[in-house]
Amino acid sequence: AAAAAVTATAPGPVPIFSDSFESGDLSSWTTATGVVVQQDDVRTGSYAAEAQTIGPAAYASKTLGTAQSDLYYRLYFKVLSTGGQVYLNRLRAANGSAQSLIAWSVSSTGRLAYRNDVTGVSTTSTTVVPTGAWQELQVHVVINGTASQTETWLNGTRINALSKTESLGTTAVGRVQFGDNATGKTFDIAYDDITVDTALIH
């Protein structure tokens, strides 16, 4: 008898970078300090990262294989505690100094915000970030001088105040970061299921 036909489903495109921390370590990241992989606060799977500090920097960064001028960056995070404003993630330029271009944060009043590190101007939305529960943050930047663009979504909802034209210079993004590289802060944030790509991440 003839065998039944088998339909194969082709895998989807591979993102530029992703890490669900299921390796149980931070080996996928270029640098890491003040960050651990743990099993107490996890969104999916068995492991997630946690940036926890009272003073020292707590962050990890990944140097991309190819710099990107049009980039999407999605991460899941859970604010366990903060002692004020704290940065969630950051995009850096593909140059020798890895200049910071833009960084998203939870403000001292608990609202989602970002800082354009090229111009030094911060923008704070009216959207309050819940604590103690997993949140999905997806950001998009197009690097194009004074006509650069940003887009921000929290849990699938576009945050218009953080989606606008910005001046971000002309150097493409070469490094992505989660956590806060500043010192003198107190916070505890878990991270999971991080993805970087050139198209909207679903």
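What counts as what
Residues numbered from 1 in each chain as written. Predicted model: local features only at pLDDT ≥ 70, side-chain atom pairs only at ≥ 80, totals over all residues. Heavy atoms only, no water. Pairing = 2+ DSSP bridges. Helix = DSSP H or I, 4+ residues; strand = E, 2+ residues; numbered from the N terminus. Axes fitted to C-alpha atoms, helices over the stretch in contact; angles between N-to-C directions. Buried < 20%, exposed > 50% of the residue type's maximum accessible area, 1.4 Å probe, protein only. Phe/Tyr/Trp six-rings, centres within 6.5 Å; stacked < 30°, edge-to-face > 60°.

Q: Break down the sheet that holds strand β7 (residues 86–93) for me, citing the residues and quoting the values.
A: With antiparallel pairing, the seven strands of this open sheet are ordered in space as β2-β5-β15-β7-β8-β9-β10. Each having just a single partner strand, β2 (31–33) and β10 (121–128) make up the two edges of the open sheet. Across this sheet, the average inter-strand angle for adjacent strands is 15°, counted without regard to direction. Here β7 runs beside strand β15 (residues 173–180); their pairing, made up of five bridges, is antiparallel. What sits directly across from A93, in β15, is V173.

Q: Account for unusual backbone geometry, with residues named and values stated.
A: Look at N155: it is not a glycine, yet its phi comes out positive at around 55°. For N155, a relative accessible area of 41% gives the class partly exposed. Notably, D193 is not glycine yet its phi reads approximately 50°, a positive angle. Tracing the sequence through the fold places D193 in strand β16 (residues 185–197).

Q: With reference to specific residues and values, describe the packing of aromatic side chains.
A: In this structure the tally under the stated criterion is seven aromatic pairs. Geometrically, the ring pair formed by F21 and W29 is stacked, given 6.4 Å between the ring centres and 5° between the ring planes. For W29, a relative accessible area of 6% translates into the label buried. Ring centres of W104 and Y114 lie 5.6 Å apart, and the angle between their planes is 70°; this geometry places the pair in the edge-to-face category. Here the residue W104 occupies a position in strand β8 (residues 100–106), and Y114 occupies one in strand β9 (residues 111–116), the gap between them amounting to ten residues. The same class applies to W104 as to Y114, namely buried.

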